[in-house]
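Here's the letter readout for the chains.
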2 protein chains.
Amino acid sequence: MKAIIQRVTKASVTVGEDQVSSIGRGICVLLGISVDDTQRDAEYMVRKILNLRLFEDENGRAWAKSVMEREFEVLCVSQFTLQCILKGNKPDFHSAMPAELAQPFYNSILESMRSAYKPELIKDGNFGAYMQVNILNDGPVTVELTSPAGPTDPKQHKKTFACLNFLDWQRAKGKFMKLSEELRRKAVVFTQAGKVCREVLKHLCGCPQ
Amino acid sequence: MKAIIQRVTKASVTVGEDQVSSIGRGICVLLGISVDDTQRDAEYMVRKILNLRLFEDENGRAWAKSVMEREFEVLCVSQFTLQCILKGNKPDFHSAMPAELAQPFYNSILESMRSAYKPELIKDGNFGAYMQVNILNDGPVTVELTSPAGPTDPKQHKKTFACLNFLDWQRAKGKFMKLSEELRRKAVVFTQAGKVCREVLKHLCGCPQ
């Protein structure tokens with residue numbers, strides 16, 4: 001799951017001629033859900049969005065207070081285009097969670113945000129509609145958040161597989177033990193260098209660390 | 001280098017009471033330069049920003065045309081906060097290129113964009129100033145771009161080092177050959193699983209592939 005957080009002086013959403021919601025000071029969140037996202041990603045994202053220190057405190061000290069601590073507003077808008085993989089210059093959105101699954105998931109994220117904060121201070125767009133989102137970015141201050149599981153990147157999967165195939169080749173030469181199916185599954189999910197290396201090597205060499 | 005591209009109906013920048021620039025249809029680019037960025041990252045970013053297909057063609061086919069092909073405008077604003085590492089809930093910006101280096105680099109990126117497109121269609125903010133950036137996000141459509149070298153992530157470095165330390169531990173047990181200083185340097189630069197695994201293992205096992 002990816003979120004682009006913009007600190008705003010004000011923000012609003014218009015569909016056709018109708019303004020469907022608006023906020024004053026606070027944050028505008030554009031939220032992109034990937035096919036791989038789970039409840040764990042949602043919980044991480046809600047926690048970070050509400051607690052990220054993007055505002056100054058009463059003494060003017062920067063990066064001191066969160067949107068909740070300042071009692072500011074949140075405008076959250078679903079944004080599948082954040083789950084974009086470039087194929088040359090053409091965006092491909094197959095990593096985005098399909099709308100029929102993303103909509104209830106997205107609504108549950110909004111509900112979690114409302115439960116964790118004040119329901120009346122969390123505003124929304126119209127899921128799936130063609131909207132004009134008017135963002136008065138204050139600073140500007142823009143931060144990108146990625147949930148722990150991270151986005152699905154087919155290129156990354158390909159690289160991970162190439163790495164595993166290489167290990168298989170080594171194994172065939174009798175240098176390594178067989179990779180378990182469980183590890184193979186895990187390694188595809190892990191997208192970060194450290195994790196893949198450590199897990200793969202831990203398994204291969206039996207290192208307790 | 002990171003860029004957040006928002007497709008816009010219009011966008012403008014205000015400093016104090018003065019509107020310093022404005023565009024009609026096109027893209028608003030928030031650009032975050034990291035300490036590690038080089039000319040190569042700049043070239044990649046300029047190329048992608050101008051050629052990314054975010055607009056429909058004359059027949060209404062989506063994701064068909066770039067900002068250049070439609071002869072739309074670009075508003076580019078420097079945004080160091082994109083080079084943010086979270087320490088808990090506090091953003092840390094030590095990965096951002098310091099302003100005295102970032103400003104000439106950023107200006108050269110703008111110049112490259114103007115040379116590659118039409119100078120009068122590339123607008124700018126006021127580097128380093130406190131601005132209000134008014135973005136009328138059309139769709140919304142938001143895409144994040146990361147240049148090939150990618151952002152510096154201390155956590156990632158830590159993981160890569162942990163991985164290398166583990167390999168050293170294996171080496172001490174006589175299982176692997178010594179890691180060269182060159183590879184050690186490279187492995188810190190590589191941030192993606194596949195690259196680290198393949199390079200490290202290629203070196204360790206002498207695989208030609």
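A brief look at the structure comes next. (Residues numbered from 1 in each chain as written. Chains lettered and ligands numbered in written order. Predicted model: local features only at pLDDT ≥ 70, side-chain atom pairs only at ≥ 80, totals over all residues. Heavy atoms only, no water.)

### Here we look at the overall build of chain A
Piece 1. Helices and strands together make up the secondary structure of chain A, namely five helices and 10 strands.
Piece 2. By sequence separation, contacts in chain A at least 24 residues apart represent 69% of the contacts at least 6 residues apart.
Piece 3. Carbon and sulfur atoms make up 51% of the accessible area of chain A, which totals about 9300 Å². (Helix = DSSP H or I, 4+ residues; strand = E, 2+ residues; numbered from the N terminus. Contact = heavy atoms within 4.5 Å. Areas by Shrake-Rupley, 256 points an atom, 1.4 Å probe, with all protein chains shown as cover.)

### Re helix H1 (residues 39-51) of chain A
It helps to recall that an α-helix has 3.6 residues per turn; residues three or four apart then point in one direction.
Piece 1. Helix length check: H1(A), at 13 residues, gives a terminal C-alpha distance of 18 Å against a target of 18 Å (1.5 Å per residue), a fit within 8%.
Piece 2. Regarding H1(A), the residues found buried are Asp41(A), Ala42(A), Tyr44(A), Met45(A), Val46(A), Lys48(A), Ile49(A) and Leu50(A). (Expected span 1.5 Å × (residues − 1). Buried < 20%, exposed > 50% of the residue type's maximum accessible area, 1.4 Å probe, protein only.)

### So, the packing of helix H1 (residues 39-51) of chain B against helix H2 (residues 99-116) of chain B
Residue and element names in this part refer to chain B.
Piece 1. Two elements in contact, H1 and H2, have axes whose closest approach is 10 Å; the angle formed by their N-to-C orientations is 40°. Between H1 and H2, the angle is such that the two are oblique. Considering how the two elements wind past one another, H1 and H2 form a crossing that is right-handed. Contacts from Gln-39, Ala-42, Val-46, Ile-49 and Leu-50 of H1 reach H2 at Phe-105, Ile-109, Ser-112, Met-113 and Ala-116.
Piece 2. Among the residues forming the contact of H1 with H2, the class breakdown is eight nonpolar, two polar and no charged. (Axes fitted to C-alpha atoms, helices over the stretch in contact; angles between N-to-C directions. Parallel < 35°, antiparallel > 145°, perpendicular 65-115°, else oblique. Left-handed = near helix turned anticlockwise from the far one by under 90°. Nonpolar A, V, L, I, M, F, W, Y, C, P; charged D, E, K, R; others polar.)

### Some thoughts on the packing of aromatic side chains
Piece 1. The full count for this structure, using the stated rule, is eight aromatic pairs over all chains.
Piece 2. On the numbers, 5.7 Å between centres and 45° between planes, the contact of Tyr106(A) with Phe127(A) is tilted. Residue Tyr106(A) is found in helix H2 (residues 99-116), and its partner Phe127(A) is found in the loop between strand E9 (122-124) and strand E10 (131-146); the two are separated by 21 residues along the sequence.
Piece 3. Here the aromatic cluster, defined as three or more aromatic residues joined through ring pairs, consists of Trp63(A), Phe80(B) and Phe93(B). (Phe/Tyr/Trp six-rings, centres within 6.5 Å; stacked < 30°, edge-to-face > 60°.)

### Details of the layout of surface pockets
Piece 1. There is about 500 Å³ of room inside the second largest pocket.
Piece 2. Looking at the lining of the second largest pocket, the elements that each hand over two or more residues are H2 of chain A together with strand E4 (53-55) and strand E10 (131-146) of chain B.
Piece 3. At four residues, E10(B) tops the list of elements feeding residues into the lining of the second largest pocket.
Piece 4. Classifying every residue of the lining of the second largest pocket by side-chain character gives 16 nonpolar, five polar and four charged. (1 Å grid on protein atoms, 1.4 Å probe; cavity = no way out; pocket = protein on both sides within 12 Å on 5 of 7 lines; lining within 4 Å. Points joined across faces, edges and corners; volume = space filled by probe spheres on them.)

### Details of the pairing of strand E1 (residues 2-15) of chain A
Residue and element names in this part refer to chain A.
Piece 1. With 10 of 14 residues buried, E1 lies mostly within the body of the structure.
Piece 2. With seven bridges joining them, E1 and strand E3 (residues 26-32) adopt antiparallel strand pairing. Looking at E3, one finds that Ala-3 is bridged to Leu-31.
Piece 3. Examined bridge by bridge, E1 and strand E2 (residues 18-23) share five bridges and lie antiparallel to one another. Looking at E2, one finds that Val-13 is bridged to Ser-21.
Piece 4. If you look at the hairpin formed by E1 and E2, you'll find two residues sitting between the two strands, and Gly-16 has a positive phi there, around 65°. (Pairing = 2+ DSSP bridges.)

### Here's the deal with unusual backbone geometry
Residues and elements named next belong to chain A.
Piece 1. Cis peptide bonds are those with omega within 30 degrees of zero, and the linkage from Gly-139 to Pro-140 qualifies with -5°.
Piece 2. Although it is not a glycine, Trp-63 adopts a positive phi angle of roughly 55°.
Piece 3. With respect to the helices and strands, the residue Trp-63 is situated in the loop between strand E4 (53-55) and strand E5 (65-66).

### Considering the pattern of salt bridges
Residues and elements named next belong to chain B.
Piece 1. Within this structure, the stated rule accounts for 14 salt bridges over all chains.
Piece 2. For Arg-7, the salt bridge identified is with Asp-138, shortest N-O distance 3.3 Å. Residue Arg-7 is located in strand E1 (residues 2-15), and its partner Asp-138 is located in strand E10; the two are separated by 131 residues in the primary sequence. Neither Arg-7 nor Asp-138 differs from the other in exposure class; each is buried. (Salt bridge = Lys/Arg side-chain N within 4 Å of Asp/Glu carboxyl O.)

### Regarding the pairing of E10(B)
Piece 1. Burial runs high along E10(B): 14 of the 16 residues are buried.
Piece 2. The pairing of E10(A) with E10(B) spans nine bridges and is antiparallel. Note that in E10(B) the partner of Asn137(A) across the bridge is Val133(B).
Piece 3. Examined bridge by bridge, E1(B) and E10(B) share 11 bridges and lie antiparallel to one another. Note that in E10(B) the partner of Val8(B) across the bridge is Asn137(B).

### Focus: the environment of Pro104(A)
Piece 1. In this structure, Pro104(A) sits in helix H2.
Piece 2. Counting along the chain gives 45 residues from Pro104(A) to Asn59(A), while the straight-line C-alpha distance between them is 41 Å.

### Overview of the side chain of Asp138(B)
Piece 1. In this structure Asp138(B) comes out as buried when scored by relative accessible area, which is 5%.
Piece 2. Beyond its immediate chain neighbours, meaning those up to four positions away, Asp138(B) contacts Tyr130(A), Met131(A), Gln132(A), Arg7(B), Val8(B), Thr9(B) and Arg25(B).

### Structural notes on the environment of Gly60(B)
Piece 1. With respect to the element layout, Gly60(B) can be found in the loop between E4 and strand E5 (65-66).
Piece 2. Between the alpha carbons of Gly60(B) and Met113(B) there is a distance of 27 Å; along the sequence they are 53 residues apart.

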